[in-house]
Amino acid sequence: MNTEEKIISEFVQNALYRLDESTRMVTIAMEKLSEEQIWKRFNASSNSVGNLILHLCGNIRQYAISSLGARTDIRQREEEFSAKSGDTKAQLLQKLNDTVEEAKSIIRSCPMENWIERREVQCYVFSGIGVVLHVVEHYSYHTGQIAFWTKQLIDGELGFYEGVDLTKKNKE
């Protein structure tokens, strides 16, 4: 494996890890919510956890699956935010997991030349690397929103890092 291939391999491994971490945290948060809380909005201009899950699925599908994976773009962005009810918690988690797994498969199998090829997504132009950075960053951003809103709804901690010593210093 040459240096470029090693760099891309390392990038892919870290992107997949970050996608898995966001999925883990969203799953923990959602497991603490009732079916009613999934669709609860703070106010008329905010989104429910259900809306955020639909939005994540749409965005990951548009960027990673449609753009990087060269599949038809079927996203209906307005519907992600207009839904006031619908899928159950289990159905939403299944949609999210299925979408993330499909995206990870595309990322894992992306040919070397696709990493630097520029493509138009929505109103932006990104390389394959830019697409994956967007997907990871966007997923992480909304994971934080889901965590924050869940803490408000349950008035409690989520326990993302139970049993892990986060005060441990870096090795020198």
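So, here is what we can say about the structure in this document.

1. Details of the pairing of strand β2 (residues 124–127)
Two elements, strand β1 (residues 118–121) and β2, share 4 bridges in a ladder whose sense is antiparallel. Residue pairing across strands places Arg 118 opposite Ser 127, the latter belonging to β2. Connecting the antiparallel pair β1 and β2 is a turn made up of 2 residues, with Gln 122 showing a positive phi of about 55°.

2. Examining the pattern of salt bridges
All chains considered together, the criterion is met by 8 salt bridges. Across the pair Glu 21 and Arg 24 runs a salt bridge whose closest N-O atoms are separated by 3.0 Å. In this pair, Glu 21 and Arg 24 are both assigned in helix α1 (residues 3–31), 3 residues apart and thus about one turn of the helix distant. Glu 21 sits in the buried class, given a relative accessible area of 15%. What makes Arg 24 partly exposed here is its relative accessible area of 28%. Residues participating in the shared-partner salt-bridge network are Asp 20, Glu 101 and Lys 104.

3. With respect to the nonpolar core
Inside soluble globular proteins, nonpolar side chains tend to come together where they are buried. Ranked by size, the top nonpolar core spans 46 residues in total, and within it Met 30, Val 49, Ile 53, Leu 96, Ile 107, Tyr 139 and Ile 146 carry the most contacts. Elements with a minimum of two residues in this core: α1, α3 (49–68), α5 (89–108) and α6 (128–154). Considering each element in turn, this core owes the most residues, 11 residues, to α3.

4. Side note on unusual backbone geometry
The bulk of non-glycine residues show a negative phi, and the bulk of peptide bonds are trans. Its identity is not glycine, yet Ala 70 carries a phi of approximately 55°, on the positive side. Structurally, the position occupied by Ala 70 is in the loop between α3 and α4 (77–82). Despite not being glycine, Asp 155 shows a phi value in the positive range, around 50°.

Conventions we followed
- Residues numbered from 1 in each chain as written.
- Predicted model: local features only at pLDDT ≥ 70, side-chain atom pairs only at ≥ 80, totals over all residues.
- Heavy atoms only, no water.
- Pairing = 2+ DSSP bridges.
- Helix = DSSP H or I, 4+ residues; strand = E, 2+ residues; numbered from the N terminus.
- Salt bridge = Lys/Arg side-chain N within 4 Å of Asp/Glu carboxyl O.
- Buried < 20%, exposed > 50% of the residue type's maximum accessible area, 1.4 Å probe, protein only.
- Core = buried A, V, L, I, M, F, W, Y, C linked by side-chain atoms within 4.5 Å.

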